[in-house]
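Reading the structure
What follows is each chain in one-letter form.
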Amino acid sequence: MPLAAPRQHHRGERLGLPASGPGSLAPMGRRSAAFIIDLLASGLVAGLFVHRQDLPGLASRLPGQWSLLPLFLEYVLGIVLLGRSLGMYLTGLRVVRLKAPRPIGPVRAAARTVLLLIGIPALVMDGDLRGLHDRLTDTAVILH
């Protein structure tokens, strides 16, 4: 009697998400692209307001750490109001709560954003490639 092959599990199955298509977990490439778009956009916004006297020429317009403020605001407001940031919108992604079919509130969105900006939580992934910031806030980034 032949042995049955072990059942293959897809990313997101234990979370109740489909294997592919809308509602499935977003691949890392698209998540990374969305984050890079958001970083660039926040840097451009911060660059409009920052002018450092101690640096010459174009370097005086580099926002440095000031770009974290528009990034924080864009993530929190975007996730609370629309379920996604600008970068997520452009790459077809959305942030959802997993155990409750309710919108992501401001406290959960702010906590998720602070954890994301620390950087380390995004590098600590589980088997579904969800970062610590997603696991601690019970959220997931899905295809829209």
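Parameters and conventions
- Residues numbered from 1 in each chain as written.
- Predicted model: local features only at pLDDT ≥ 70, side-chain atom pairs only at ≥ 80, totals over all residues.
- Heavy atoms only, no water.
- pLDDT = per-residue confidence, 0-100.
- Helix = DSSP H or I, 4+ residues; strand = E, 2+ residues; numbered from the N terminus.
- Axes fitted to C-alpha atoms, helices over the stretch in contact; angles between N-to-C directions.
- Parallel < 35°, antiparallel > 145°, perpendicular 65-115°, else oblique.
- Left-handed = near helix turned anticlockwise from the far one by under 90°.
- Contact = heavy atoms within 4.5 Å.
- Nonpolar A, V, L, I, M, F, W, Y, C, P; charged D, E, K, R; others polar.
- Core = buried A, V, L, I, M, F, W, Y, C linked by side-chain atoms within 4.5 Å.
- Buried < 20%, exposed > 50% of the residue type's maximum accessible area, 1.4 Å probe, protein only.
- Salt bridge = Lys/Arg side-chain N within 4 Å of Asp/Glu carboxyl O.

When pLDDT is averaged along the protein chain, the result is 88, and 91% of the positions lie at 70 or above. Model confidence for the protein chain, summarised as mean pLDDT per element, is weakest for helix α5 (residues 120-123) at 75 and strongest for helix α3 (residues 86-91) at 98.

One way to put it is that helix α1 (residues 28-49) packs onto helix α2 (residues 68-81) with a least axis distance of 8 Å and a crossing angle of 125 degrees. Overall, the two elements α1 and α2 adopt an arrangement that is oblique. Regarding α1 and α2, the two cross each other, and that crossing is right-handed. The segment α1 lies against α2, with F35, D38, L39, S42, V45 and A46 engaging P70, L71, E74 and Y75. Looking at the contact of α1 with α2 residue by residue, the classes come out as seven nonpolar, one polar and two charged.

What follows concerns the nonpolar core. If you look at the biggest cluster of nonpolar residues, it comprises 14 residues, and the most contacted ones within it are Y75, I79, M88, L93 and V95. Every element with two or more residues in this core is listed here: α2, β1 (93-97), α4 (106-118) and β2 (139-143). Residue contributions to this core peak at four residues, all from α2. Ignoring anything within four residues of it in the chain, the contact list for V95 reads I79, G83, M88, I104, R112, T139, A140 and V141.

Let us look at the pattern of salt bridges. A complete count under the given rule lists five salt bridges for this structure. The salt bridge partner of D128 is R14, with a shortest N-O separation of 3.0 Å. Of this pair, D128 sits in the loop between α5 and α6 (132-136) while R14 sits in the segment before α1; the two residues are 114 residues apart in sequence, bridging distant segments of the chain. When the shortest N-O distance is used, the salt bridge between D126 and R130 registers 3.8 Å. Its relative accessible area of 5% is what places R130 among the buried residues. Within this structure, R14, D126, D128 and R130 form a network of salt bridges that share partners.

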